[in-house]
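# Summary of the model geometry
Spelled out from the first residue to the last, the chains are:
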Amino acid sequence: MEGDAELVKIMAEFKAMVLKTAGTNCDFETAEALRLAGFSPETMHVNELIRGGKNLRDYRFLVLPGGFSHGDYIASGKILANKLKYRLGEDVPRFIEEGNLVLGICNGFQTLVKAGLLPGFDGNYKRQDVTLTFNDSGHFQDEWIELKNVNKGRCVFSKGLRKTIHCPINHGEGKFIPGSRKVLARLHEQDQVVFKYAGRNPNGSLDDIAGICDETGRVLGLMPHCEKNLFSVNDPRSTRLDLPVEGEGTAIFRKAFEFVKKRK
Amino acid sequence: MPELRVLDRKPADLVRLGKEAQLHLNEGEFAAIQKYFERLGREPTQLELETIAQTWSEHCKHKVFNGVIEYVDERGHKEIIDNLFKRTIRKATERVAGEVGWLVSVFKDNAGIIAFNSSHHACMKVETHNHPSALDPYGGANTGLGGVIRDVLGCGLGAKPVANTDVFCFGLPDLAYKDLPSGVLHPKRIAKGVREGVRDYGNRIGIPTVNGAILFDARYTCNPLVYCGTVGVLPKGMESKQARPGDKIVAIGGRTGRDGIHGATFSSAELDESVSTSVVQIGNAIEEKKFLDVLLKARDLRLYSSLTDCGAGGFSSAVGEMGADCGARVDLEKAPLKYAGMQSWEIWVSESQERMVLAVPPGNVERLVKLFADEDVEASVIGEFTDDRLLSVHHGGQLAGQLDMAFLHRGNPRLEQKASWKPKPFEEPVFSEPKNLGSLLKRLLAAPNIASKETTIRQYDHEVQGGSVLKPLVGADLDGPGDAAIMRPFFDGWAGLAVSNGINPLYGDIDPYWMAASAIDEALRNLVAVGCSLERVALLDNFCWGNPKDEAKLGELVRAAKACHDVAVAFKTPFISGKDSFHNEYTVGGKTVSIPSTLLISALGVMGDVRQRVSMDFKQKGNPLYVVGKTFQELGGSHYYRLQGAVGRSVPRLVVARARKQYAGLAKAAAIGVGKKNRDRVVRAMHDCSEGGLGVALAEMAFAGGLGCEIDLRKLPREGVERNDYALFSESNARHLVEVNKSKRTAFERLLRGTDFACIGRVTGPGRLVVKGLQGETVLDEDGKALKKAWKGTLNW
Amino acid sequence: MHFVEVGCKPGVRDVLGQAVKARLEEDLSAGVKGLRRVAFIDVYRLECLLSPQEAERIGAELLRDPITQVFAVDQPVEGGFDWSVTVSLHQNVTDNVGIAAREGIEDLLGRKLDEGERLHYDRKYLFWGDLTEAQVRDLAGKALANDFLEHCRVERGSHA
């Protein structure tokens, strides 16, 4: 039908890639978050990109979901980060430079940081300037936190976003450490700090930093799992508080969709 | 290993020689083997003996439950029970099956399957991995979880795992090193190792661990128990499978090495100080996650006709089971190996982890292998299914072993067993009512079995897959003990699954009949407490017992199994799956210590609407508090008596008809206002009474909600209870504490009419737990924060 | 044949080392009072045909985090300790880290390793404190290694 072809064309314009590898395990709910926001998500194994079977250029939004890619062995996100760096060449930096969006959640954030894709100072997407390491507790932690939006406008995902988002952290290596005082200062000066932990800092991250973006504002990484609060029925406060049907985490994906839609 | 010759030997000698070769077969079994090979006119090969030993092991055949038992009860009445499983667990399900239309597959497949929603079924399996966990807690728990996950993966044509459960039983964590028996790891080391083993596997493979329990008793010191469960979902229409002659046998996942050889036969023997080391392994969760993803894709593409997991017995069990009705031929040189130099039988019975076996029509093999290879998973054709009804194993062109499938699966003689039961000689303790009930309550809250398990629970991921609606920790600060977990496995629709458990071996010390009844009631009342009705609830049984050759121990098993039948039928909650683990005993220096007979009941309930959920934390000051269910003088096996150094005799009993009526009323009450605002709900909070009775339940609801309460024991529905301490700490079954919306009392009372219920007090502002006693005086006035501190202080390591 | 050791940069909190120290003190109490510091070191044994430059690159680009860690090839990454305990898995026990490292190395070097080339991961604990060899062996056996899966090598530091 003509209408269907139109719909397919529109949906193709909002294709999002959920990139997975061995051990990725949050792709199911990440794809749902993208779908709710209006994207057409496709979950893709990194081998398909490496083999050349699929092309990043066909997508508008690249999402690296949470999980335990390669078991977190050696260091969390490191092996996937090296695949992006050494097997995909310039594909991801070019994807960013062409005006697209990248989001890394938890393990995805660890991957972006270790590949040098965040903070991407001076447009250099190969140099590692910060890291995410072991929580001060020394072990995996599962708890719900309040994520505070502290960005002043650089990051496209957080412009006009609600001030706080209630969502869980589920990680063992979430402590944010900048490479030096200079790096930390630059992150603040250039408005690349996007989210902080409100209240208690669960893992010892410096300056309570929970998420950062690159200089374009189009690449975001955060440790907390906003994609776990798509429906308030999953929000543990919902037996004590009346909350809207849609969970607070969906908003970040909606912001992404707004941005991609505006670009057309 | 030298070949074992069987033809010219006495079966009794063979038992001894077999034990040395780690083939734990009994006399009757060796006699049957002799007869079979006498007919063939030759000695068995090593591979054949190993195959038989694995397939006839307790783990695989459930010989105790399927054998014949001559049972003498306490009145001297003798009964011949031909197949305890068929006469109790299975019979209960058969009796209920007619009335419930939602059983899909029970006791047949790797997991039990029930109908879930219009598009999918739900399944569940619970297994134990005890003996390996005693030797290597981390690896044992790790591989135990990996194994039960594979059972769900191999359920129907493949189910997607959506939740894990774990229940652990350990020795006392403060045991002094000098009192530790030789050859045994310290309970705290075992506890930490097990916790981390389950954590590292479950978190990595991306399945949330959402329900469980941890128990401590000195008798588990040498024999810890590790129960791991997995819940899965599969599309309707994919519940049946059948390997067909001509289908290729394809092994997927990890390679084969010498790991875990003799794990299944190990289950038929007791642990002692000298144990072979090839039994322990470490799991590779990433390998399992890799093929999990691809398997479900291959399933949806209909590339294979059957599958099963490689668990105990490895290829021998997997191929043997799948080809049981037709036949199979395997060429071992085609199996990918971890290293060279393995003998035929080693490859065949290896228990290397993270492997599954598929039956694939020849035309689909290439496509299937490529699908797996694209995501770095090995898939190898190692043989094919035939129609000759034989299990033929070749290696490098030589025939390593060939067995008749009928003999392999049905040739084992049944065990002839003796059992007896006599009540234990415990007496009710006599002591006067203590003055300071507050400090007793604190001691109970701090007791390891009751104390907060938060330190463990917070190391598990409850959020992965985005489906958890009610988590294991609830309340204002997410640190209160949830009664059951609720999962919503799909983002469309509101249907969900509730998972709970019931276990209390202390009751079994007095009477295993009431232990089993109480365990079932506990699992069910936990579901009711979170708002799940009992209309569609399935049960799983897991028996961990001592030596079944001990008549008294076997008698305990008979009694527990009978209760399982009686209670499941009365509640109309059928069993769908179960397992047993025997010989949980330890011998050192000639002395044998057995675990207490421990039955775990797991319950899986379907909820039409997960928004019906209720959490146990107090919600609002001023709301009335109701008790539903009568309190009796039932402190036998209670934690309160334990504090007094006694076991007692008055173990909690159960009248199912009364409980059913209460639970139905509570479910109806929980259903009101669903999907609306919280203030439109009739039931605002609900919690069941179990260990530590009413006192502990009240304290938990209070400190989880950051609120207090005032109650009056004179209003408590009770019978034969005339002391305050007994009223507070009796552990009678079938009781709930309910916080009702103060503007909806009439609606609530109407729904509970005809049951034993009463309003006993109300929720108060933050602060204190105040209890008025049976004479009208205040008998307890404690600061909620102090109670919480006591509760959290014991297990925070 | 090379090995790469990876440890914490001075000034970075050694979370794993501290957790081990806390566990030893909490669980074993007797005999561990003299323990002043525990450091945790990753040891990767590369039984592969690699040039020294490749081993160096593997250490720098794959095995260590440039923000928080230092590494050394074919020599200890940190000295001055009193005792070291190196825990290695028995030969046929699944080495998850070794398996992952293999994939990482193949991605980095752009070539597949041969079947015969192997990678192993060991855990190395460095102790500073007034302990006898017997005490170190005792706590290694009780808390650091499980005989069924792994074996220990206890070595005296040059400092002791």
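Quick caveat, the model's predicted, so the values are computed rather than measured.

Calculation rules
Residues numbered from 1 in each chain as written. Chains lettered and ligands numbered in written order. Predicted model: local features only at pLDDT ≥ 70, side-chain atom pairs only at ≥ 80, totals over all residues. Helix = DSSP H or I, 4+ residues; strand = E, 2+ residues; numbered from the N terminus. Rg over C-alpha atoms; globule rule 2.2 N^0.38 Å. Buried ≥ 20, exposed ≤ 12 C-beta atoms within 10 Å, placed from the backbone. Contact = placed C-beta atoms within 7 Å. Pairing = 2+ DSSP bridges. Nonpolar A, V, L, I, M, F, W, Y, C, P; charged D, E, K, R; others polar. Axes fitted to C-alpha atoms, helices over the stretch in contact; angles between N-to-C directions. Core = buried A, V, L, I, M, F, W, Y, C linked by C-beta atoms within 7 Å. pLDDT = per-residue confidence, 0-100. Left-handed = near helix turned anticlockwise from the far one by under 90°. Parallel < 35°, antiparallel > 145°, perpendicular 65-115°, else oblique. Expected span 1.5 Å × (residues − 1).

### Notes on the overall build of chain C
- A count of helices and strands for chain C gives 4 helices and 6 strands.
- Ordered by position from the N terminus, the helices and strands of chain C form the series β-α-β-α-β-β-α-β-α-β.
- Here chain C has a C-alpha radius of gyration of 16 Å; the compact-globule value for 160 residues is 15 Å, and the two agree.
- Once the C-alpha set of chain C is aligned to its principal axes, its extents read approximately 50 × 35 × 25 Å.
- The buried share of chain C, taken over its 160 residues, is 40%.
- Once local pairs closer than 6 in sequence are excluded, the contacts in chain C between residues at least 24 apart make up 78%.

### Overview of the overall build of chain A
- If you tally the helices and strands in chain A, you get 8 helices and 11 strands.
- Taking 264 residues into account, the globule formula puts the C-alpha radius of gyration at 18 Å, and chain A, at 17 Å, falls close to it.
- If you line up chain A on its principal axes, its C-alpha atoms span 55 × 50 × 35 Å.
- When burial is assessed residue by residue, chain A has 61% of its 264 residues classed as buried.
- The contacts in chain A between residues at least 6 apart in sequence include a share of 73% that link residues at least 24 apart.

### Considering the pairing of strand β12 (residues 328-331) of chain B
Residues and elements named next belong to chain B.
- Where β12 meets strand β14 (residues 379-385), 3 bridges bridge the pair, whose relative direction is antiparallel. Bridge pairing links Ala328 to Phe385 in β14.
- Relative to strand β15 (residues 390-395), β12 runs parallel, the two being bridged by 4 bridges. Bridging from a neighbouring strand, Val330 pairs with Val393 of β15.

### Observations regarding the interface of chain B and chain A
- Contacts between the two partners involve 35 residues from chain B, matched on the other side by 31 residues from chain A.
- Elements with a minimum of two residues in the side of chain B that touches chain A: α10 (187-205), α12 (285-300) and β18 (468-470) of chain B.
- The element that contributes the greatest number of residues to the side of chain B that touches chain A is α12(B), accounting for 4 residues.
- In terms of residue class, the side of chain B that touches chain A is built from 10 nonpolar, 9 polar and 16 charged.

### Some remarks on the sheet that holds strand β4 (residues 112-115) of chain B
Residues and elements named next belong to chain B.
- Spatial ordering of the open sheet is given by β3-β4-β5-β8-β6-β7, a layout of 6 strands whose pairing is mixed. This sheet does not close on itself; its edge strands, each paired only once, are β3 (103-105) and β7 (209-216). Within this sheet the neighbouring strands show an average axis-to-axis angle of 20 degrees, counted without direction.
- Inspection of the sheet shows β3 paired to β4 by 2 bridges, in the antiparallel sense. Paired with Ser105 across the two strands is Ile113, which belongs to β4.
- Sheet strands touched by α10: β6 (160-170), β7 and β8 (225-235). Its angle to β6, the strand with the most contacts, is close to 180 degrees.

### Observations regarding the sheet that holds strand β23 (residues 537-544) of chain B
Residues and elements named next belong to chain B.
- Strand order in the open sheet formed by 6 strands is β18-β21-β22-β27-β23-β24, and the pairing between neighbours is mixed. Edge positions in the sheet fall to β18 and β24 (575-581), since each has one partner strand and no second. Across the sheet, the mean angle separating the axes of adjacent strands is 20 degrees when strand polarity is ignored.
- Sheet topology places β23 next to strand β27 (residues 598-607); 8 bridges connect them, and they run antiparallel. In the strand pairing of β27, Asn542 is matched with Leu600.

### Regarding unusual backbone geometry
- Backbone torsion omega between A:Leu118 and A:Pro119 reads 0 degrees, so that peptide bond is classified as cis.
- Within the fold, A:Pro119 resides in the loop between α6 (107-115) and β5 (130-133).
- Even without being a glycine, B:Phe107 presents a positive backbone phi close to 55 degrees.
- Phi is positive for B:Leu478, which is not a glycine, with a value near 50 degrees.
- In this fold, B:Leu478 is placed in the loop between β19 (473-474) and β20 (480-481).

### Section: the environment of A:Cys167
All names here are of chain A.
- Tracing the backbone through its elements, the reader meets Cys167 in strand β7 (residues 164-171).
- With 27 C-beta atoms counted inside 10 Å, the residue Cys167 sits in the buried group.
- For Cys167 and Asn100, which are 67 residues apart along the polypeptide, the C-alpha to C-alpha distance reads 26 Å.
- Excluding its chain neighbours within four sequence positions, the residues that come into contact with Cys167 are Trp144, Leu147, Pro224, His225, Cys226, Lys228, Asn229, Glu248 and Gly249.

### Brief notes about the nonpolar core
- Residues B:Val357 and B:Ile520 are the most contacted members of the largest nonpolar core, which totals 369 residues.
- If you tally residues by element for this core, the top one is helix α20 (residues 512-529) of chain B, at 12 residues.

### Remarks on the confidence of the model for chain C
Residue and element names in this part refer to chain C.
- Scored by pLDDT, chain C comes out at a mean of 91, with 96% of its residues at no less than 70.
- Ranking the elements of chain C by mean pLDDT puts helix α1 (residues 15-28) last with 87 and strand β3 (residues 69-73) first with 98.
- Scored as a whole, the predicted complex attains pTM 0.95, and scored at its interfaces, ipTM 0.95.

### Comments concerning the environment of C:His151
Residue and element names in this part refer to chain C.
- Note that His151 resides in strand β6 (residues 150-156).
- By C-beta crowding, His151 is classed as partly exposed, having 13 other C-beta atoms within 10 Å.
- C-alpha of His151 to C-alpha of Gly141: the two residues are 10 residues apart in sequence and 9.1 Å apart in space.
- Not counting chain neighbours up to four residues away, the residues in contact with His151 comprise Ser88, His90 and Ala145.

### A word on the packing of helix α17 (residues 437-446) of chain B against helix α27 (residues 784-792) of chain B
Residue and element names in this part refer to chain B.
- Put simply, α17 and α27 touch, their axes get as near as 7 Å, and they point 35 degrees apart. α17 and α27 meet at a crossing whose hand is right-handed. Contacts between α17 and α27 involve Leu441, Lys442, Leu445 and Ala446 on the former and, on the latter, Leu787, Ala790 and Trp791.
- Split into classes, the residues belonging to the contact of α17 with α27 amount to 6 nonpolar, no polar and 1 charged.

### Things to note about the packing of α20(B) against helix α23 (residues 656-671) of chain B
Residues and elements named next belong to chain B.
- One way to put it is that α20 packs onto α23 with a least axis distance of 10 Å and a crossing angle of 20 degrees. Classified by the angle their axes make, α20 and α23 are roughly parallel. The handedness of the crossing between α20 and α23 is left-handed. Of the residues in α23, those touching α20 at Asp521, Leu524 and Val528 are Ala659, Tyr663, Leu666 and Ala667.
- Classifying every residue of the contact of α20 with α23 by side-chain character gives 6 nonpolar, no polar and 1 charged.

### Points about helix α21 (residues 551-571) of chain B
- Here α21(B) contains 21 residues, and its C-alpha end-to-end distance of 30 Å stays within 8% of the 30 Å for a straight helix at 1.5 Å per residue.
- Judged by how many residues are buried, α21(B) sits mostly within the fold: 15 of 21 residues are covered.

### Considerations on the environment of A:Thr239
- Assignment of secondary structure puts A:Thr239 in the loop between β11 (219-222) and α8 (250-263).
- Judged by the 24 C-beta atoms lying within 10 Å of it, A:Thr239 is buried.
- Each C-alpha atom of the pair A:Thr239 and A:Gly211 lies 29 Å from the other, and the pair is 28 residues apart in sequence.
- When residues no more than four places from it in sequence are discounted, the contact partners of A:Thr239 are B:Arg613 and B:Ser615.

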